[in-house]
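Okay, here's what each chain looks like letter by letter:
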There are 4 protein chains.
Amino acid sequence: MTRADLAQADGTLDVFEQLESEVRSYCRSFPVVFRKAVDWTLWDTEGNEYLDFFAGAGALNYGHNNSMLKAKLIRYLIDDGISHSLDMATEAKERFLQRFKEVILTPRNLIYKVMFPGPTGTNAVEAALKIARKVTGRTNVVGFTNAFHGMTLGALAVTGNKFKRQGAGVPLHHATIMPYDGYMGAEVDTLSYFENYVKDSGSGVSLPAAVIVETLQGEGGLNMAGTGWLRGLAELCRHYGILLIIDDIQMGCGRTGSFFSFEPYGVEPDIVCLSKSIGGFGLPMALTLMKPELDVWAPGEHNGTFRGNNLAFICAAEALRYWEKTEFEQAIGEKAALLEGALQSLIIRYPQLKAEWRGKGLMQGIAFPFEGMAEAVCAAAFRRGLIMETSGTDSEVAKVMPPLTITKTALERGLHILGESVAEVANQFAAQTVPTVGTNQ
Amino acid sequence: MTRADLAQADGTLDVFEQLESEVRSYCRSFPVVFRKAVDWTLWDTEGNEYLDFFAGAGALNYGHNNSMLKAKLIRYLIDDGISHSLDMATEAKERFLQRFKEVILTPRNLIYKVMFPGPTGTNAVEAALKIARKVTGRTNVVGFTNAFHGMTLGALAVTGNKFKRQGAGVPLHHATIMPYDGYMGAEVDTLSYFENYVKDSGSGVSLPAAVIVETLQGEGGLNMAGTGWLRGLAELCRHYGILLIIDDIQMGCGRTGSFFSFEPYGVEPDIVCLSKSIGGFGLPMALTLMKPELDVWAPGEHNGTFRGNNLAFICAAEALRYWEKTEFEQAIGEKAALLEGALQSLIIRYPQLKAEWRGKGLMQGIAFPFEGMAEAVCAAAFRRGLIMETSGTDSEVAKVMPPLTITKTALERGLHILGESVAEVANQFAAQTVPTVGTNQ
Amino acid sequence: MTRADLAQADGTLDVFEQLESEVRSYCRSFPVVFRKAVDWTLWDTEGNEYLDFFAGAGALNYGHNNSMLKAKLIRYLIDDGISHSLDMATEAKERFLQRFKEVILTPRNLIYKVMFPGPTGTNAVEAALKIARKVTGRTNVVGFTNAFHGMTLGALAVTGNKFKRQGAGVPLHHATIMPYDGYMGAEVDTLSYFENYVKDSGSGVSLPAAVIVETLQGEGGLNMAGTGWLRGLAELCRHYGILLIIDDIQMGCGRTGSFFSFEPYGVEPDIVCLSKSIGGFGLPMALTLMKPELDVWAPGEHNGTFRGNNLAFICAAEALRYWEKTEFEQAIGEKAALLEGALQSLIIRYPQLKAEWRGKGLMQGIAFPFEGMAEAVCAAAFRRGLIMETSGTDSEVAKVMPPLTITKTALERGLHILGESVAEVANQFAAQTVPTVGTNQ
Amino acid sequence: MTRADLAQADGTLDVFEQLESEVRSYCRSFPVVFRKAVDWTLWDTEGNEYLDFFAGAGALNYGHNNSMLKAKLIRYLIDDGISHSLDMATEAKERFLQRFKEVILTPRNLIYKVMFPGPTGTNAVEAALKIARKVTGRTNVVGFTNAFHGMTLGALAVTGNKFKRQGAGVPLHHATIMPYDGYMGAEVDTLSYFENYVKDSGSGVSLPAAVIVETLQGEGGLNMAGTGWLRGLAELCRHYGILLIIDDIQMGCGRTGSFFSFEPYGVEPDIVCLSKSIGGFGLPMALTLMKPELDVWAPGEHNGTFRGNNLAFICAAEALRYWEKTEFEQAIGEKAALLEGALQSLIIRYPQLKAEWRGKGLMQGIAFPFEGMAEAVCAAAFRRGLIMETSGTDSEVAKVMPPLTITKTALERGLHILGESVAEVANQFAAQTVPTVGTNQ
């Protein structure tokens, strides 16, 4: 009997099953009712404790109820600070803008205008696409295989996941999906495909307004853009007058080790999308950054009710304190090394699983070529009190994605559980030997 | 010198002008930096006080920092309640679902499955369109002239505002815009126009999957659907197998007097979109309600990072206390009558302005046929410490939209300021006599 | 047993049934194999004779095997004149161009550049739409309810017929279908609908590149544009900078009495589409005429293999002789009067049929509000040796459309047969009294 | 002074320049007025003689005024045979259907239903796409880089040529352009690229209804599908339930040596498009062949005025006599060998031109990597009385495409002129050494 079956049997999720839409998803993997959380620990309503290797899909990089942020937030509420302000000017927003410039942009020699496009990642992407189309006067935008950019129709059109695309219920237009780095196998230069389509007069693909790309595909299976590839892409864009949009919604805010995931690549995107952990406390907030010369918006040309989530601004400004010094990045790097070592060891320990390491920073995982194996590992982990999710359009990667603030001790504890879980699954899958899922990386 | 000029001159908005995108809009009408707010009162950083007839564009129906909601929110934070949960099951969400059923759905004999489509109105609309298309297998959706449903490409395609549509940068497909009630003048039955297109084999418009409609167009100029018209539309939908989606994002949560704006019409939509004030405290949250037989979603077919904004769930559940008894609705009705009387008096007092009353409940306004007049009224009001905005694609309506919790005293105080503002503008516009803006209602 | 059944029974159409696609249509109404034709008479392989009130759907305005044209054609063939020339210069094409200018354009004070867009009407329409979009830089084109412009995707998108549109297998984009004159009933000014959509900032319909319109809807039920309506449309187009395209493919070449159907209206379209009878002998040929300032095509930007059908050019040039003097037009007018008188008499004779006269020139018909009645009339006529077809998306009009060269005697003979056919059907339908088909005119 | 300049100077083309649209194209390459033609010889109005290596872009495979066909045509005209019949049954059409079955389909063990989709290639393609979408219920169709399928919007969407696509004036939807064989260089298997997109759940490209492909890209630069590639494509289609459409409009009717170009490949397409030389005499005619189980058309779902061009049916039926015995195919093969030998010799003689041989059957050419060189060769040939055109989106290939009926003597005469022309150009281009045009094959 699975945990989900148990939950169903004992009525834990009755209210959700009766009242909430069938579209609900994560609650099926983690069939308990959560009540409370601190840093990397959650508790359900029955008092069971869980270690968090999921971090709100990247929205909780600073952990649950981070005490530094929470103190600011409660103080702001007690003082009757403005909660909701659309795009009116508020003290909280002003402070965030100043801090974002001082702590993030200026030290990195980046000059961007900041747009608050609505509180979610898909808003940030839709706004990025709009401005790219307005600036260039072109309609087509290039996305990449296995990319994930959001669920609204504009963002969905540049998303690779066919199941999500199918959900649109309409054909998706004005987008071309090109092969991501490694999509055709390690030896094939997919950029040359793309460039052929751009330069050849018979390719049938019109010059795109922009390219939108993730440096590491968090939902698409932890495929990573190589340095040469991303630099080549940036150069190709520059050469042909195509705008480069980096969707750093999941990979930004330190997930791969640096604030922006593209920093180590040495590329400077024209437009950057941020969301998830930018609000610090898991509160809805998103940004679209654009080079000043691209900021040709007319006032109100894009809007939205929840652009001014001031509780998020308060936490967002405070969270930037992590980025004032280099210790935080260093610590991520150390934990990333520890994590990689543990995962690689696991892979070596079970050669019969033909598993493959993937990722960067505190976004790493193990890809399994056997259908259902990654899900089985995550389910085994959850039974042991560890929250992990899969990645990939075929759920082929077991993903480790803890809060960046996790201690080494907690990280090791979680990795120990993961080890046990892989062992359990390895035993079960002993008989099964034929790979059935493509691993496009 | 205008207040905006002053603000520019004295550097009040320097940070915003330098760092924030040109797309910002409301901060241009209200060029001060807000700090604090309670109920229907805001204060700027210099201590000036403002009366709020805007209510966060409908997101603050229960006022700023509503003390009842705030107490619950702070308590939840102190207890380390889960803040962010994607679509995992949490105690906060469970309680909201239960309360929503008990307080809202059951007493109104409504049976809906509840979907959390992401935290904003446009998410709720995109999800509604997706499921309507999936259920019917059709692609076309009918929206109405002057409708406003959101800024992402799916929602924008059923929005009437050309300036916003133009912002898409691409042609918008899979939608047909039909004339709203009164669009062709009071005497023309626009439903017959629509029905002709549906039933005639030569109309070139394929049978739509759904119709999406607002009962009162909050952004489109306070045009209201007549009872006969909306019932006729519902009957037409039923007859031809078209799903009826009511976008109650701005008009729901009591804005027009009842929890759902469609209650007095006696129609029962297949799908309902809610957002703005559903979270109670101005926190991002949205719902897509659908009849159980329409809930054919596959798990995860639509998703989003901020579907589980538990701080909003806490406030949302608490805010439903206003709807347990009938006193709240009655009070809205009384204030609505007071408001209508005041606006009608103003219109009568200045016949030369050819103004026209519009609206319902605590969403009322005065339409002016002279270009720029409504904006001038709002600017004059702001100079007197009253926050008001315009409505309509030509900003032709001065809109009064206070928190529903406002006292009669405060409401009267604001209306007094509005009276002075109209008087000021009437004097300025004395020489100007030719109507220049169409008033399509 | 119907004639079609008989044909099936006796194997007349075996070859077609076994080898030709199910898409075949007219051969089902006229289930015989035709061999020979002269002027307005056809013979089948069994020697039966038929009178032609169909004229190749308007492609045979000068009759079958018109002796004047045939002589030229045979001479050209004997002389080894160029048959196929793409868009190379040939003597035959040169002569056509000169004659078209001298006989048609100059006397009517029209100045157009002539484009050979491919040999069919839908080619002419696709070319017209392309150049309108190129010139204006806009994408949307307005077509009208019940319009018919062709089967390729560009032309189909501005066609009203839902059955034909459905055949596309894809949603059709970049077009808006507006109500044709009379679509909402005689008393409703449909132009005001259209203008509202154009001028109102909240109508959701972007400024169109062009409007494409027929003066009389030959396939759509013989609905006719009133003079005031078409002039108003032309004025509206001029006012808003929209190009006016008149699709004169079926109504041009004299069908309604003048060479261009729009002549009596006093409007001057920006672009004109011609085909069907322009080639004179029923040979594939089409023209797109455009005002010289619109001729911004790049060489080869639109092309096609059969643009240079020189056999058609030879006949086309010769056919223009009909237009050198006014007698031809006068004769059409006289026959049109005779035809109208006969149809009106029939309508009066059978008031129980609630029939309605429609049309102009030698394109007239009787609309029946009873489903299947017009088809029954045409079937009865065919059994009597008269070839007629229906018009309208519900086949609700019995259409009379003889060669323009028909003699009065032959016309009267056909009308006599039509009278008998209506009588037969009136008897059959005696019991049926409830109108079931909308007559949108 | 070029011949075009001369023509302009002496007024030869005055009528065309004044009256015909700027879109005209071939008449700019061949600036004379043609009058007469027999087999492979043309004469202009001044009596100059030209040898035809162009064959009406493939519409004149049996030569100009083929005496066998002409005799039948004149006889039919004299007998007042039906000229124009829409899709009514005629004796001429019946005979064509029978002959097509007996001579072409049955001997090749092919079973197809025959559709007359309108008289041009683009009609045949649009009909093929419609039925493929109807049968599968899917919307997306895959075309290939450098493909050419027609100028109407449906066919244009699967065409690779960007200049032609741009001419649409609207974004083209419902199509994906995949790399043709050799597009990424000889060593890259482009089918694996395609298959990745089909099978991978994250590729963003939905399962296509159909693939449309040419075996040899006549307009796209004479790129040829390898046997393995085309068979692999057919297998891929079969495996995934995708319909295979072969566009044999230019390559069919013997151009590459066999009646259908796909015969030597051993593949059996689901749908075949034919046009150009199917009518035999250069008269507009086209066919869409489809496997019987795909013939789910409703009557009249696709139609068109010129589907019944009986003059073409007469010639088409007669032309099939060439295919009754094997001699015709053998002769093509012999001439093809002669042609290839001559072209290869030329390439070897001028190594500095870095030219490359391409093609098959009597569709061969020389690709030049230097911009403008192929055009220069054709211009030089025309000055010597030889009509040749270029191929390729950058006009990089000088194409030899004589009537299939040409004698070896005439062929050799033309090749001699071609040799002189290449020599002339080689001298002129002596100084120029840097390749500037991509040769994607």
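Under an unreviewed UniProt entry, the name given to chain A is Diaminobutyrate--2-oxoglutarate transaminase, and the source organism is Paenibacillus chartarius. The record in UniProt for chain A states the following under Cofactor (unreviewed entry): "pyridoxal 5'-phosphate". The annotation that UniProt attaches to chain A under Pathway (unreviewed entry) is "Amine and polyamine biosynthesis; ectoine biosynthesis; L-ectoine from L-aspartate 4-semialdehyde: step 1/3."

**Student:** Pulling in residues and values, what's your account of the relation of the copies chain B and chain A?
**Tutor:** The two copies are related by a screw motion: chain B maps onto chain A through a turn of 180° and a shift of 0.0 Å along the axis, at an RMSD of 0.0 Å. Expressed as an axis order, the relation between the two copies is that of a two-fold axis. Measuring from the rotation axis to each C-alpha of chain B, the shortest distance belongs to Leu153 of chain B, at 2.6 Å. When you check the interface residues of chain B against chain A, 100% turn up at the interface there too, and the contact is symmetric in its surfaces.

**Student:** Report on the side chain of Arg133 of chain A, specifying residues and quantitative values.
**Tutor:** All names here are of chain A. Here Arg133 is to be found in helix H7 (residues 121-136). For the buried residue Arg133, which engages in no salt bridge, the nearest side chain bearing the opposite charge is Glu126, 6.9 Å off. At 2.8 Å, the side chain of Arg133 forms a polar contact with the backbone oxygen of His174.

**Student:** Any details on the relation of the copies chain A and chain D? Residues and values, ideally.
**Tutor:** If you rotate chain A by 180° and push it 0.0 Å along the axis, it lands on chain D with an RMSD of 0.0 Å. Interface overlap between copies is the fraction of interface residues in one copy that are interface residues in the other; for chain A against chain D it reaches 100%, indicating a shared surface.

**Student:** Which residues make up the sheet that holds strand S2 (residues 41-44) of chain B, and what are the values?
**Tutor:** All names here are of chain B. Spatial strand order, S1-S2-S3-S13: 4 strands in an open sheet with mixed pairing. Strands with a single pairing partner mark the edges of an open sheet, and in this sheet they are strand S1 (34-38) and strand S13 (386-387). Of the strand pairs in this sheet, S1 and S2 are connected by 4 bridges, and their pairing is antiparallel. When the bridges of S2 are listed, Ala37 appears paired with Leu42.

**Student:** Give a detailed account of the pairing of strand S7 (residues 210-213) of chain C, specifying residues and quantitative values.
**Tutor:** Residues and elements named next belong to chain C. Here S7 shows a buried face lined by Ala210 and Ile212 and a second buried face lined by Val211 and Val213. Here 2 bridges tie strand S5 (residues 141-144) to S7, and the two strands are oriented parallel to one another. Bridging across to S7, Val142 finds its partner in Val211. Between the parallel elements S7 and strand S8 (residues 243-247), the chain passes through helix H11 (residues 227-240) in a crossover that is right-handed.

**Student:** Give a detailed account of the nonpolar core, specifying residues and quantitative values.
**Tutor:** Soluble globular proteins tend to bury their nonpolar side chains together. Among the nonpolar cores identified, the biggest contains 504 residues, and Phe100 of chain A, Phe100 of chain B, Phe100 of chain C together with Phe100 of chain D are the most heavily contacted of them. Those residues within four positions of Phe100 of chain B in sequence are excluded, and the remaining contacts are Leu105, Val114, Phe259, Phe260, Leu274, Ile278, Leu287, Leu289 and Leu320 of chain B.

**Student:** Break down the interface of chain A and chain D for me, citing the residues and quoting the values.
**Tutor:** Contact with chain A, which involves 31 residues of that partner, is made by 33 residues of chain D. Each partner contributes to the roughly 2600 Å² buried at the junction of chain A and chain D, and carbon and sulfur atoms together form 46% of this total. On the chain A side of the interface with chain D, the three residues burying the most area are Lys162, Tyr193 and Ser201 of chain A, jointly 25% of the side's total. At the junction of chain A and chain D, the tally comes to 0 salt bridges. At the junction of chain A with chain D, the criterion picks out 29 residue pairs in polar contact (both at pLDDT 80 or more). Here the side of chain A that touches chain D takes 6 residues from helix H10 (residues 190-199) of chain A, the largest share from any one element. Class assignment for the residues of the side of chain A that touches chain D results in 10 nonpolar, 16 polar and 5 charged.

**Student:** An account of H7 of chain A is needed here, citing residue identities and associated values.
**Tutor:** Residue and element names in this part refer to chain A. Between its first and last C-alpha, H7 extends 23 Å over 16 residues, near the 22 Å set by a 1.5 Å rise per residue. Burial runs high along H7: 13 of the 16 residues are buried. Looking at the residues trailing H7, positive phi occurs at Gly137, about 70°.

Cut-offs and rules
Residues numbered from 1 in each chain as written. Chains lettered and ligands numbered in written order. Predicted model: local features only at pLDDT ≥ 70, side-chain atom pairs only at ≥ 80, totals over all residues. Heavy atoms only, no water. UniProt positions renumbered as here; feature names shortened; annotations may be inferred. Least-squares fit on C-alpha atoms with pLDDT ≥ 70 in both. Contact = heavy atoms within 4.5 Å. Helix = DSSP H or I, 4+ residues; strand = E, 2+ residues; numbered from the N terminus. Buried < 20%, exposed > 50% of the residue type's maximum accessible area, 1.4 Å probe, protein only. Lys, Arg positive; Asp, Glu negative; His and termini not counted. Salt bridge = Lys/Arg side-chain N within 4 Å of Asp/Glu carboxyl O. Polar contact = N/O pair within 3.5 Å; in protein donor to acceptor, adjacent residues only side chain to side chain. Pairing = 2+ DSSP bridges. Right-handed = clockwise from strand over helix to strand, strands pointing away. Core = buried A, V, L, I, M, F, W, Y, C linked by side-chain atoms within 4.5 Å. Buried area = accessible area lost by both parts, 1.4 Å probe. Nonpolar A, V, L, I, M, F, W, Y, C, P; charged D, E, K, R; others polar. Expected span 1.5 Å × (residues − 1).

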